[in-house]
Amino acid sequence: MEFSELIKTANVEDVVLTRPFHPPVKGTLCVTGHHLLLSARDGESSVELLLLLRNVDAVEKSVENLVGYPGHLLRKSGQCERPAGSSGSITIKCKDLSVLQLDIPGMEECLNVASSIEALSSLESVTEMYPFFYRPTTLSLQNKWGLSTPEEDFQQIAIHSERWRLSDVNRDFSVCPTYPPTIIVPRAVEDEQLRRAARFRQGGRFPVLSYYHRKNGKVIVRSSQPLTGANRRRCREDELLLQAVMDGSERGYVIDTRSPQLAQQARVTGGGFESKSNYCNFKRLHRHLERGKALQESLIKLVEACTDQSNSTDRWLSRLESCRWLSHVSAALVAAGLLAECVEREGCSALVHGSEGTDTTLLVTTVAQLILDPRCRTFGGFLALIEREWLQAGHPFQQRCAHSALSHARPRHEAPTFLLLLDCCWQLCRQFPLALEFSEALLLRLAREAYASNFGTFLCNSEKERCALGVKTKTHCLWGWLSQSCERDELSNPLYQPTELAIWPCVKPQAIQLWRGLFFRWTHNARYLQEAWEEISHLVKQSKAEGCKASMGLETPAAQVAV
């Protein structure tokens, strides 16, 4: 397919762009295969809009006939009037929650541009998306893809323990289509036993190592639900696998991210949970986390409340409570804190799963590792954690992030689970402002990239799909771009001070706050907060530079003056 077939009108003159925190701009609109470009010239300054069409969540259009207006644009009180004759407006709602309006002269041109945007923003073929065409000059396709591999992770574990091994039982993705080709499993379990255990778990997602706690040797493993069904099936290979995870410990935990009622109901459709009689050393704990449609509806209600400027204080508080987004954040932090307590304070290994094991399971294991492991709280360590626990572990980004909160479509596979994770990370950043090397800016960047990106990192639903489509050889990795010094400096926390201690988040209602940087980004101007943060960053860097000079025996200007 040629992109030109979907572009009904490529260029339109005298288009007026209206967007948050900017005055209206008149210019030339250009529609390309992947971008919407508006260029304007006002005196000596050039104003441009470059919108990745994949970022478009919804398009609303209206057309009308206007008479009695001058045939050119006039500026009155900072606003632009539209031209005479037929005209139309296009409202573009983006996945990053921004809203743009284009006033286009000519009814036909307006309808053509809207139709082109709708078609190009919803391309279904992954290989037609922009990451397969994006070629930044500072990156090469020959660069290493990613920051972490199972082989490298295993080498770090092998230093401390001989109980684990690398298995390529899934090298052709035949055992589990959503697992990577290489996985870390107990040394005592053979590959044939893994295959049989996989047939007992939904989607083949048998228990694999997620995290090794170096302080006490305890581990976190994750999987999908067991397929016990109504007749209480059992699988001795699965039981042996979890016994090998225990390594002779008297107790372990199974943390189920479903309620007891939902876990019981799952048995009717062939799913279920680990029975006490067959997994006698494991204590099952339920921490219900919403997923799927319920989570998506919660996000939609929150965004609607945040963008409604007519809310009174009472109505705003009522809508904030009814959307239940902060309750989801709190529940996720509680579940992750419980998992971290099992490992750190009780000295027990734990298995985490829900139903498929690709959503709330990954949410809990990721936040728990941020709580426990100082390496995951570094800039590179956090990106490697996302790669390991979400990309390699098979979170279906293509399905979950097809639309955001402003779309009129409601596919059943969508859910903002990854956005919920980033919100939990922001809560940790706010409660522990010195403990994490990355800043809110990185979390906002990841929230945007997951839904629409120049890079191939978040494309597809699994490693199997990425390999089949050549994502790692034909697109660039986001991590390589973010690791460049200029990008990293802007996304890092200048106040960072490493600590080996665990960081235990407070989950009291008054401690969980709404992420203003994300949900109010386009309704409240945060320019002054940004300027303040930049000044803090500058002062910290200056202080470090002076401290470095002092340690080298060099006099600072202040010292010279004192002399």
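These lines cover the structure that appears in this document, whether it is placed above or below. All values reported here derive from a predicted model rather than from experimental measurement.

Thresholds, definitions, all that
- Residues numbered from 1 in each chain as written.
- Predicted model: local features only at pLDDT ≥ 70, side-chain atom pairs only at ≥ 80, totals over all residues.
- Heavy atoms only, no water.
- Helix = DSSP H or I, 4+ residues; strand = E, 2+ residues; numbered from the N terminus.
- Buried < 20%, exposed > 50% of the residue type's maximum accessible area, 1.4 Å probe, protein only.
- Contact = heavy atoms within 4.5 Å.
- Areas by Shrake-Rupley, 256 points an atom, 1.4 Å probe, with all protein chains shown as cover.
- Axes fitted to C-alpha atoms, helices over the stretch in contact; angles between N-to-C directions.
- Parallel < 35°, antiparallel > 145°, perpendicular 65-115°, else oblique.
- Left-handed = near helix turned anticlockwise from the far one by under 90°.
- Nonpolar A, V, L, I, M, F, W, Y, C, P; charged D, E, K, R; others polar.
- Salt bridge = Lys/Arg side-chain N within 4 Å of Asp/Glu carboxyl O.
- Pairing = 2+ DSSP bridges.
- Polar contact = N/O pair within 3.5 Å; in protein donor to acceptor, adjacent residues only side chain to side chain.
- Arc of directions from axis to C-beta.

Along the backbone of the chain there are 20 helices and 16 strands. With 563 residues in all, the chain has 54% of them scored as buried. Across the chain, the fraction of contacts at a sequence separation of at least 24, relative to all contacts at a separation of at least 6, is 72%. Total accessible area computed for the chain in this model is approximately 25,700 Å², and 51% of it derives from carbon and sulfur atoms.

Time to look at the packing of helix H3 (residues 191-199) against helix H4 (residues 236-246). Closest axis-to-axis distance for the H3/H4 pair is 8 Å, and the angle between their directions is 115°. With respect to H4, the element H3 is oriented roughly perpendicular. Where H3 crosses over H4, the handedness of that crossing is left-handed. Counting all contacts with H3, which are made through Gln-193, Leu-194, Arg-196 and Ala-197, the residues of H4 involved are Glu-237, Asp-238, Leu-240 and Leu-241. Residues of the contact of H3 with H4, tallied by class, amount to four nonpolar, one polar and three charged.

A few words now on the pattern of salt bridges. In the structure shown here, the tally under the stated rule is 27 salt bridges. Of the charged contacts in the structure, one is a salt bridge between Lys-93 and Glu-60, with a shortest N-O distance of 2.9 Å. Of the two residues, Lys-93 sits in strand S8 (residues 85-94) while Glu-60 sits in strand S5 (residues 56-66), which places them 33 residues apart along the sequence. The partner of Lys-144 in a salt bridge is Glu-152, and the shortest N-O contact between them spans 2.9 Å. With a relative accessible area of 53%, Lys-144 lands in the exposed category.

By the alternation rule, side chains of strand S13 (residues 219-222) split into Val-219 and Val-221 and Ile-220 and Arg-222, which are all buried. Looking at chain direction, strand S12 (residues 208-212) and S13 are connected through four bridges and run antiparallel. In the sheet register, Val-208 faces S13, and the bridge partner there is Arg-222. In textbook terms, the turn of a hairpin is the stretch between consecutive antiparallel strands, and for S12 and S13 this stretch comprises six residues, one of which, Gly-217, has a positive phi near 80°. Pairing between S13 and strand S16 (residues 350-353): three bridges, direction parallel. Its bridge partner lying in S16, Ile-220 is registered against Ala-350.

The topology assignment puts Asn-311 in the loop between helix H6 (293-307) and helix H7 (313-323). For Asn-311, the side chain forms a polar contact with the main-chain oxygen of Ala-305, separated by 3.0 Å. For Asn-311, the residues in contact, after removing those within four places along its chain, are Ala-305, Trp-316 and Arg-319.

Here we come to helix H2 (residues 150-158). Considered for burial, the residues of H2 that qualify are Pro-150, Asp-153, Phe-154 and Ile-157. In an axial view of H2, the angular spread of the buried residues amounts to 100°, which keeps them on one side of the axis. Summarising the contacts, the buried residues of H2 are in contact with strand S10 (164-167), strand S11 (183-186), S12 and helix H10 (379-391).

This next bit is on the sheet that holds S16. Read from one edge to the other, the open sheet built from five strands follows the order S12-S13-S16-S14-S15, with strand pairing classed as mixed. The strands lining the two open edges of the sheet, one partner per strand, are S12 and strand S15 (282-286). Taken pair by pair, the neighbouring strands of this sheet meet at an average axis angle of 25°, ignoring direction. The strands touched by helix H8 (residues 325-344) are S13, strand S14 (252-256), S15 and S16; relative to S14, the strand with the most contacts, the crossing angle is about 175°.

Another aspect to go through is the environment of Thr-523. Position of Thr-523 among the secondary structure elements: in the loop between helix H18 (516-519) and helix H19 (527-551). Relative accessible area serves as the criterion here: at 22%, Thr-523 is assigned to the partly exposed category. Residues Thr-523 and Pro-20, 503 residues apart in the sequence, show an inter-C-alpha distance of 7.3 Å. Here Thr-523 is in contact with Phe-21, Cys-306, Thr-307 and Gln-309, once residues within four sequence places are set aside.

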